[in-house]
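# Architecture at a glance
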Amino acid sequence: MKKFLLTVASLSLFALPAVAAPSPYVGGSVGPGFFGNSDATYSGISSTDYITYQTGVPFTLGVGLKGESYRAEAAFGFQSHDVEKIKLNGIDQSKVSGYRVSLYSYMVNGYYDIDLRYDSIIPYVMAGLGVASIHSSEPTISYDRALFAWQAGAGVSVPATRNITIDLAYRYFKPSSYDAGNATDISSFSHNFLLGARYIF
């Protein structure tokens, strides 16, 4: 009986479908980033569109693992935006010279590739959690804050060669609100459109 059970167990293992091990990859992306107008709360009083920003050029670098229909990665990102205007007492001021906001992000991202049975284009959705380090520099003051951040997006992957994939993506990036001093809480977000490439080993 023991010999029979061992035989059945062995045959069952051979009958299981083979699951390919995930493949490691490295990648990067760059493109225009649109930092949404920041709202602010000062001493309990809210002000919409308190800060208006110029377009920046975010970039990301990531390492990860690719499975059959999923990807998981750790990614570093950077983006910087000059301030266009600051609203004071409800009135838009002219451009503030020397005022810039920069973001360093450290994210863990997950991707799901949607199988359309069409190998040339692979759409996907993604989401990520992590930390954003925001640095604000003004002519008279600068400060740094570490913030919780999340992002979500979608895109398409286009295989270029056996190992290289071209990627076109949209990402909504949202750090938490931060204290800018003087009892002022500022909210921010970003719409990023990225063109990138991945090398799969």
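Starting from 1, residues in each chain are numbered consecutively following that chain's sequence as written. Two thresholds apply to this predicted model, a pLDDT of at least 70 for residue-level local features and 80 or more for giving and counting side-chain atom pairs, whereas whole-chain, interface and lining totals are computed over all residues. Excluding hydrogens and water, the side-chain figures rest on all heavy atoms present in the structure.

## A short note on the overall build of the chain
A run of H or I in DSSP becomes a helix once it reaches four residues, and a run of E becomes a strand once it reaches two; helices and strands are each numbered from the N terminus. Looking only at helices and strands, one finds 1 helix and 14 strands in the chain. Considering the chain as a whole, with its 201 residues, one finds that 34% of them fall into the buried category. The long-range share in the chain, meaning contacts at least 24 apart out of those at least 6 apart in sequence, stands at 63%. When a residue's accessible area, from a 1.4 Å probe over protein chains only, is under 20% of the maximum for its type it is buried; when over 50% it is exposed; and in between it is partly exposed. Contact between two residues is taken to exist if any of their heavy atoms lie within 4.5 Å; hydrogens are not considered.

## Let's talk about the confidence of the model for the chain
Here pLDDT means the predictor's own confidence in every residue, given as a number from 0 to 100. Looking at the chain, the pLDDT average stands at 84 and 80% of residues meet or exceed 70. Under a pLDDT of 50 for its full length, residues 11-17 has, in the predicted model, 0 contacts with residues more than four places off or in other chains.

## A short note on the packing of aromatic side chains
Any pair of Phe, Tyr and Trp rings, taking the six-membered ring for Trp, is counted once the centres come within 6.5 Å. Such a pair is stacked with planes under 30 degrees apart, edge-to-face with planes over 60 apart, and tilted for the rest. Taken as a whole, this structure holds 12 aromatic pairs when the rule is applied. Residues F59 and F76 carry aromatic rings whose centres are separated by 6.4 Å and whose planes lie at 65° to one another, so their mutual orientation is edge-to-face. In this pair, F59 is assigned in strand β5 (residues 59-66) and F76 in strand β6 (residues 70-88), connecting sequence segments 17 residues apart. A relative accessible area of 28% means that F76 is categorised as partly exposed. One aromatic cluster is present, formed by F59, F76, F78, Y104 and Y106 through successive ring pairs. Lying over the aromatic face of Y124, R71 brings its terminal NZ or CZ to 4.8 Å of the ring centre. Charge-over-ring contacts are defined here by two conditions on Lys NZ or Arg CZ: a distance within 6 Å of the ring centre and an angle within 35 degrees of the ring normal. Over the ring of Y25 we find R198; its NZ or CZ atom is 5.8 Å from the centre of that ring.

## Examining the nonpolar core
Side-chain atoms within 4.5 Å are what join buried Ala, Val, Leu, Ile, Met, Phe, Trp, Tyr and Cys residues into a set we call a nonpolar core. Core analysis: the biggest nonpolar cluster contains 19 residues, and Y99, Y178 and I186 have the highest contact counts within it. Looking at this core, the elements with two or more residues in it are β4 (45-53), β6, β8 (100-113), β9 (122-137) and β10 (142-159). If you look at the next biggest cluster of nonpolar residues, it comprises 6 residues, including Y25, Y124, A169 and I200.

## Concerning the pairing of strand β1 (residues 23-30)
With 8 bridges connecting them, β1 and β5 associate as antiparallel partners. Its bridge partner being in β5, G27 is matched across the sheet by G62. Two strands are counted as paired when DSSP detects at least two bridges linking them. Where β1 meets strand β14 (residues 190-200), 6 bridges bridge the pair, whose relative direction is antiparallel. Within the sheet, the bridge partner assigned to V30 lies in β14 and is L195.

## Things to note about the pattern of salt bridges
In what follows, salt bridge is the name for a side-chain nitrogen of Lys or Arg lying within 4 Å of a carboxyl oxygen of Asp or Glu. Taken as a whole and judged by the stated rule, the model has 4 salt bridges. As a salt-bridge pair, D113 and K66 come within 3.1 Å of each other at their nearest N and O atoms. Of this pair, D113 sits in strand β8 while K66 is found in strand β5, placing the two residues 47 residues apart along the sequence. By relative accessible area, which is 6% here, D113 ends up buried. A salt bridge links R198 to D167; the shortest N-O distance between them is 3.0 Å. Of this pair, R198 sits in strand β14 while D167 sits in strand β11 (residues 164-175), placing them 31 residues apart in sequence. Grouping residues by exposure puts R198 and D167 together as buried. One network of salt bridges, in which partners are shared, links K66, R71 and D113.

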